[in-house]
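In case you want the letters, here they are:
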Amino acid sequence: MTIRHSTLTLAVAIYFFSIALAANASQITTAGKPAQLDIRVSGEHSIRITLKPLDFEGDFPFNPALAERMYPDPVISLREIDESERRQVGSLFVEIRPNPLKVLVTNTGGREIQELIFDEDGNLTFQIGSQPILGMGEGGPQPGRNWRDRKIEFDRRGRLHEMRPRWQGNAYGSRNPVALMIGTEGWGLFVATPWGQIDLRDPDRGKFIPWQPPEPPEPNDVDSRRRRSQQQSRYTAQIQGRPPVDSIVPGLYDLFVFDAHEPVDLMKDISVISGPAVLPPKWSLGYMQSHRTLEDENQMIEIVETFRRKKIPLDSVVYLGTGFCPRGWNTEQPSFDFNPEVFKSDPAEIIKKLHALNVRMLVHIVPWRRDRLPTLQGTIPVRPGETVDNSHILNYWRQHVDLVKAGIDAWWPDEGDWFNLFERIKRHQLYYQGPLSTTPNVRPWSLHRNGHLGIAQWGGWVWSGDTESSWKTLEGQIAVGINHSLSLSPYWGSDIGGFYPNEELTGELYARWFQFGSFCPSFRSHGRTWWTRLPWGWGLSEMGPRENRDNPLESELNNPAIEPICKKFAELRYQLMPYTYTLAWQARETGMPLMRAMWLQYPDDENARGLGSQYLWGPDILIAPVFTKGATSRDVYLPHGQWYDLWTNESVTGGRIVTRQVDLKTMPVYVRAGAIIPFDPVRQYTGQSVDGPTTLKIYRGANGQFTIYEDDGISLDYLKGRATWTSMSWDDSEQRLIIEPGAPEGETGQPSNRKFKIELLPDGATKIVDYTGRRLEIKF
């Protein structure tokens, strides 16, 4: 009886104590409204934090940058808080504190990752740390005057980022901002909702400031039609590239915090939340030659035949549309009609001839304006409940189908700057799902000016836009490509030589840019005065159509030294195709890009973290582009360990800056000791059958491992596991190489029968072996 009475008394005491706590608990608010804070697992090393007004319906705001996937229920879900609360959320620990609402995130090892504070004014502040912040999409600041004399931005700290999507020339090219910050001290933060500015001027704390969209112009009978048009244009410029204005909910936050102490974990989780990159067609990793003002169909054939005669590798040709040059592949843009001034024969027959020369044909395409394409919405195939009107991507795609039937292989969707963020991502989806609806088992490919995190799941590639031909631009493009690859998608490139020519564009600058381009995902020459973007263009006596106010100097022509340099690096690109194509598979499976910041592979090396003038091509090859006119040397930072000069096989000790002597034929390239790099015989196009085995170059001095990934390069069969994985492991002390099947768990892989030539470096010892798909051990 006494025990029951005591139990009842305790229960009553607990009840009234809980009421007292509730009475004292502080209501969580956002934008002045009662709110709910949800925190849940988003990946193995990341969490998703959602702060939403109670009148918001649904778990999350819609955002096409995020892949469609199921998320677990929140581990933490609070509407009131009066004291600190600490929980484990997946692999991370989260502590919530009130007044102001604060979220502290640590990992299981006790290392601090991030401290977020939701301020009463609606802003979000976060820790910056003392190390560089990378990512944040493509592009850089508006350089203003004297931009050639300014330092290139790689580390994003030190300024207010307006996060305004825009066309831009100069050194950086187009700005495609993404609110994904990667703190090389070991944290990542992606603010998916809302859109906003990011202030990184304070050395200790950053600030995210939600975007306040402008008021749309009011119709006014007094204003002239021209004035109303100007007002609408200004308004469009202020909202383009951002989320639709009607999607904005004041006070709504949806963000992700990543543990980035191990960069590979960060990149995998980014890939998970934004959708894994689809594999591109293999030919898209080959060289692309862009054209502008055309003479006629014969010129189109003759240029490809010249590549074949000169034995300069080539996989695709790109043709600009009329209106962007005086005479392009089509009638005046926007247009889906072939230009009769260029095509005197049936265009399908000309495309057949190009295909017979083993090149793909890509065409420049521009969207209709709002009067004919009010928005972009829907999916292909159409889902139940969708409105299939003239804004549905299926109906817009149908306008492309006759071009596909004529033989067009891929697309260059330009402009569309007026589209909002959701429409821009939808456009990438259009050029993935559309082609698959017409040619179901052929991998689509498209190249866009605009993009955002989330486009990789639609095969989206981005180029940096209309850059100036200058040495400063070449330098800037290195940093731009690295940050893009960290935070937008693994597929990026620039116009080799720069888009706008001037007297600074010389054969030397083009050669240096071509060298850099050979180690970018998109390897493509393009620009005005386009004959100077042909590998042999600088050896000609005339520069062809002059489409720019400023042009290269005539005295720079008749230079025979440039063509063999371009040929050398094009051949190297094709020799390394087994390695590069494997990097594309790694991008899909792990999220690790082809073009890698030094920090991704060397996160503990503080000297490497802020380097935006060199990068890694995959895990093992270090690229140091030369971006100084008349350079005779290039300083290169080599991380700790042993490295090899690709050109001389000379061994170099790392952990220091080395000065590499260069001539115009040489761009410094170093290979990490322990690397196993597959080299193929030179091909003229990626699908060409060649005699001779793949050479496995083993750079001695450390143990190493590499898995070559291979598939048919064109179909979607890779999604069914129809591929070959060949694993190679090197034991340096035993001088033993093991080759064996290396399919990932859950994949069986297809059999492989082939010869390999094994070459040990630096001594050059070689062996030729027959590999039959079974474990093979080779001793030296």
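Small disclaimer: the values here were computed from a predicted structure and weren't measured.

Quick look at the overall build of the protein chain now. The secondary structure content of the protein chain amounts to 14 helices and 42 strands. Here the C-alpha radius of gyration of the protein chain, 28 Å, is about what a compact globule of 780 residues would show, namely 28 Å. Its C-alpha atoms give the protein chain principal-axis dimensions of about 100 × 85 × 50 Å. Here the protein chain holds 780 residues, and the buried ones make up 60% of them. In the protein chain, the proportion of contacts linking residues at least 24 apart, taken out of those at least 6 apart, comes to 67%. Accessible surface for the protein chain amounts to roughly 31,000 Å². Of this, 48% is attributable to carbon and sulfur atoms. Here the protein chain holds 86 positive side-chain charges and 95 negative ones, and the gap between their average locations is 2 Å.

Right, let's get into the pattern of salt bridges. On inspection of all chains with the given rule, the structure shows 37 salt bridges. Measuring nitrogen to oxygen at the nearest pair gives 2.7 Å for the salt bridge that ties R683 to D680. R683 sits in the buried class, given a relative accessible area of 17%. A single network of salt bridges, built from pairs that share partners, joins D38, R40 and K52.

Turning our attention to the environment of E468. Position of E468 relative to the elements: it lies in the loop between β24 (460–463) and α9 (471–487). Distance in space between the C-alpha atoms of E468 and Y602 is 32 Å, their sequence separation being 134 residues. When near neighbours in sequence (up to four residues on either side) are disregarded, E468 contacts W147, R148, N170, T473, G498, Y500, N502 and W513. A polar contact is formed between the side chain of E468 and the side chain of N502, at a distance of 3.2 Å.

It is worth spelling out the sheet that holds strand β35 (residues 676–679) at this point. Ordered by their spatial adjacency, four strands build an open sheet running β35-β36-β40-β41, and the pairing between neighbours is mixed. Two strands in the sheet have a free side with no partner beyond their single neighbour: β35 and β41 (766–771). Neighbouring strand axes in the sheet, compared pairwise and without regard to direction, differ in orientation by 25° on average. Relative to strand β36 (residues 694–699), β35 runs antiparallel, the two being bridged by four bridges. Paired with I677 across the two strands is K697, which belongs to β36.

The next point concerns the packing of aromatic side chains. This model, assessed by the stated rule, comprises 40 aromatic pairs. The interplanar angle of 80° and the centroid separation of 4.7 Å between the aromatic rings of F499 and Y500 together place this pair among those described as edge-to-face. With centroids separated by 6.2 Å and ring planes inclined at 45°, the aromatic side chains of F756 and Y771 adopt a geometry described as tilted. Note that F756 is positioned in strand β40 (residues 754–761) and Y771 in strand β41, a separation of 15 residues in sequence. For the pair F756 and Y771, one class covers both residues: buried.

Let us look at a negative patch on the surface. On the surface, E295, E302, E305 and E542 cluster together to form a negatively charged patch. Among the structural elements, E542 can be located in the loop between β26 (523–525) and α11 (562–575).

Taking 1.5 Å per residue as the helical rise, helix α3 (residues 263–274) with its 12 residues ought to reach 16 Å, and the 17 Å between its terminal C-alpha atoms agrees with that figure. When we look at burial in α3, the residues that qualify are P263, L266, M267, D269, I270, S271, I273 and S274.

Turning our eyes to something else, we now look at the side chain of R427. With respect to the helices and strands, R427 occurs in helix α8 (residues 421–438). Notably, R427 is buried but unbridged: the nearest opposite-charge side chain belongs to D414, and the N-O separation is 6.5 Å. Discounting chain neighbours no more than four positions away, the residues touching R427 are I365, V366, P367, L376, P413, D414, E415, G416, F419 and H448.

Turning our attention to the sheet that holds strand β7 (residues 85–89). In space, the eight strands of this open sheet follow the order β7-β8-β9-β10-β11-β17-β16-β13, with antiparallel pairing throughout. The sheet is open, and its two borders are formed by β7 and β13 (160–161), each paired with just one other strand. Bridge count for strand β11 (residues 124–127) against strand β17 (residues 205–210) is four bridges, and the pairing is antiparallel. Note that in β17 the partner of L124 across the bridge is F208.

A separate point is the environment of Y579. If you trace the backbone, Y579 turns up in helix α12 (residues 577–590). Since its relative accessible area comes to 0%, Y579 is described here as buried. Sequence separation between Y579 and L664 is 85 residues; the distance between their C-alpha atoms is 25 Å. Once residues lying within four places of it in the same chain are set aside, the contact partners of Y579 are W617, G618, P619, D620, I621, I677, P678 and F706.

Next up on the list: the environment of V272. Its location among the elements puts V272 in helix α3. C-alpha of V272 to C-alpha of L611: the two residues are 339 residues apart in sequence and 27 Å apart in space. Every residue in contact with V272, bar those within four places of it in the chain, is listed here: S42, A67 and R69.

Moving on: unusual backbone geometry. Residue P334 is reached from Q333 by a cis peptide bond, and omega for that bond is -10°. Relative to the elements of secondary structure, P334 occurs in the loop between β20 (316–319) and α5 (347–356). In this structure, the amide linkage connecting L761 to the following residue, P762, adopts the cis form with an omega of 20°. Relative to the helices and strands, P762 is located in the loop between β40 and β41.

Here we come to α9. Helix length check: α9 (17 residues) gives 25 Å between terminal C-alpha atoms against 24 Å at 1.5 Å per residue, within 8%. If you check the start of α9, you find a side-chain oxygen 3.5 Å away from the backbone N of K472, and it comes from S470.

Before going further, it helps to spend a moment on the confidence of the model for the protein chain. Per-residue confidence for the protein chain averages 94 on the pLDDT scale, and 97% of its residues sit at or above 70. pLDDT under 50 marks residues 1–23. Its contacts with residues more than four places away, or in other chains, come to two contacts.

Turning our eyes to something else, we now look at the packing of helix α4 (residues 297–310) against α5. Interaxial distance between α4 and α5 falls to 10 Å at its minimum, and their mutual angle equals 5°. For the element pair α4 / α5, the angle class is roughly parallel. Contacts from E297, M300, I301 and V304 in α4 reach I350, K353 and L354 in α5. Split by residue class, the contact of α4 with α5 holds five nonpolar, no polar and two charged.

Calculation notes
- Residues numbered from 1 in each chain as written.
- Predicted model: local features only at pLDDT ≥ 70, side-chain atom pairs only at ≥ 80, totals over all residues.
- Heavy atoms only, no water.
- Helix = DSSP H or I, 4+ residues; strand = E, 2+ residues; numbered from the N terminus.
- Rg over C-alpha atoms; globule rule 2.2 N^0.38 Å.
- Buried < 20%, exposed > 50% of the residue type's maximum accessible area, 1.4 Å probe, protein only.
- Contact = heavy atoms within 4.5 Å.
- Areas by Shrake-Rupley, 256 points an atom, 1.4 Å probe, with all protein chains shown as cover.
- Lys, Arg positive; Asp, Glu negative; His and termini not counted.
- Charge placed at Lys NZ, Arg CZ, Asp CG, Glu CD.
- Salt bridge = Lys/Arg side-chain N within 4 Å of Asp/Glu carboxyl O.
- Polar contact = N/O pair within 3.5 Å; in protein donor to acceptor, adjacent residues only side chain to side chain.
- Pairing = 2+ DSSP bridges.
- Axes fitted to C-alpha atoms, helices over the stretch in contact; angles between N-to-C directions.
- Phe/Tyr/Trp six-rings, centres within 6.5 Å; stacked < 30°, edge-to-face > 60°.
- Patch = residues over 30% accessible without salt bridge, like charges linked within 9 Å, V, L, I, M, F, W, Y side chains within 5 Å.
- Expected span 1.5 Å × (residues − 1).
- pLDDT = per-residue confidence, 0-100.
- Parallel < 35°, antiparallel > 145°, perpendicular 65-115°, else oblique.
- Nonpolar A, V, L, I, M, F, W, Y, C, P; charged D, E, K, R; others polar.

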